[in-house]
Amino acid sequence: MIKNILSGISAYAGAFSLISRLKLGKYFVIPIVISVLTATIIGFTAYGLSDTIGQFLAKIWIWDWGKETVTTIASFVGAIFVLVIGLIVYKHIILALSAPFMSAVSEKIEIHVNGSLKVNHRKTTFQQQLWRGIRINSRNLVKELLITIPILLLKFIPLVNIFSTILLFLLQAYYAGFGNMDYTLERHLNYEESINFVGKNKGVSIGNGIVFMVCLLIPVIGIIIVLPLSVTAASVKTVELLNIENERPIL
C-alpha cells in the first residue's frame, strides 16, 4: 500500500512540464473558474454556519459545570465539522462539473503516453461525460459523508482525535484521487468496473489525493493549480495501470 501511495505521489513529477508540452492550459480555464466560484460560495457559507453548529453542539451539555469548556470545544469542533464537510462538497462539485474538460486532458495524455488511443475505447459525448462525472462523484460524496460524520465525532475523545484527523485526511485523499482517475477510466471501463479498478488501486488513488488535498491548503493559488496538477498526474498513472492490466507496453 505504501509503495502504491508513493507511486501516486511521484506521478506529479513533471506535471507542469507535461501541461506545457501538450498545450493543455486551455482545457483548465473553465474548471478553474468553477473551482474558484465553488470555493468562494462554500467558504462564505461555512463561515456563517460554524458558530451556529458550535452553539448547537454546546446545548447538548445540559449541566452548568464545565459549560464554558464544553462551549469552547464545541465551537472548535463545529468549525472543523464545517471545514471538513465544506471540503468534501467542494471537491466533488468541481470533480463532477469538470469531467468533460478533464476527459479531454486525459485523452491527450493517453495519446502522449501510448502513442494512440485503444481502438476499442469508449467514445462519449460532452453530456455523457458530465453525467458520468456527476454519477461517480454523487456516489462518492454520499459514501464519504457516511464515513466522515462518525469519524468527526471521535474528535471529542482526547488522543483519539489525533488519529481521526489522519484518517479523515486519507479518506478525503482517496476520494479525490478516485475522481481524478475516473477521467481516464471513463473511456475504458463502465461504472461498476471503474469502482472495482480504483478499489484494487487504493494506494495510487490515495497518493494522488494527498497532493490534491495539500494543494488546497495553499491559500488562493491552491484552488487554481489543484486540478491541472492532480488530473495530469492521475491520467499518467492511470494509463500506466491500464497498460499493465492489459499487458500493453508503453511506447
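Above this text you will find the structure in question.
Please read all numbers here as calculations on a predicted model, not as lab measurements.

A.B. asks: Would you mind showing me how to read unusual backbone geometry here?
C.D. replies: The phi torsion of most residues other than glycine is negative, and most of the peptide bonds are trans. Phi is positive for lysine 23, close to 55 degrees, though the residue is something other than glycine. Relative to the elements of secondary structure, lysine 23 occurs in the loop between helix H2 (15-21) and helix H3 (29-59). Residues other than glycine seldom take positive phi values, yet valine 220 does so here, at roughly 65 degrees. By the element assignment, valine 220 lies in the loop between helix H9 (202-216) and helix H10 (221-246). The class of valine 220 is exposed, set by a relative accessible area of 62%.

A.B. asks: Whenever I open this one, the pattern of salt bridges confuses me. Can you help?
C.D. replies: Side chains bearing opposite charge may pair, as long as their charged atoms lie close to each other. Counted under the stated rule, the structure contains 5 salt bridges. Across the pair arginine 187 and glutamate 110 runs a salt bridge whose closest N-O atoms are separated by 2.5 Å. Of this pair, arginine 187 sits in the loop between helix H7 (160-185) and helix H8 (191-200) while glutamate 110 sits in helix H5 (residues 99-114), and the two are 77 residues apart along the sequence. With relative accessibility at 3%, the residue arginine 187 sits in the buried group. Classification of glutamate 110 by relative accessible area gives buried; the value is 2%. Across the pair lysine 237 and glutamate 240 runs a salt bridge whose closest N-O atoms are separated by 3.4 Å.

Cut-offs applied
- Here, residues in each chain are numbered from 1, in the same order as that chain's written sequence.
- This being a predicted model, a pLDDT of at least 70 is required before a residue's local features are given, and a value of 80 or more before pairs of side-chain atoms are given or counted; all residues contribute to the totals for chains, interfaces and linings.
- Excluding hydrogens and water, the side-chain figures rest on all heavy atoms present in the structure.
- Counting from the N terminus, the helices are DSSP H or I runs at least four residues long and the strands are E runs at least two residues long.
- Under the scheme applied here, a residue whose accessible area is under 20% of the maximum for its type counts as buried, over 50% as exposed, and between as partly exposed, the area being computed with a 1.4 Å probe on protein chains only.
- Each reported salt bridge corresponds to a side-chain nitrogen of Lys or Arg within 4 Å of a carboxyl oxygen of Asp or Glu.

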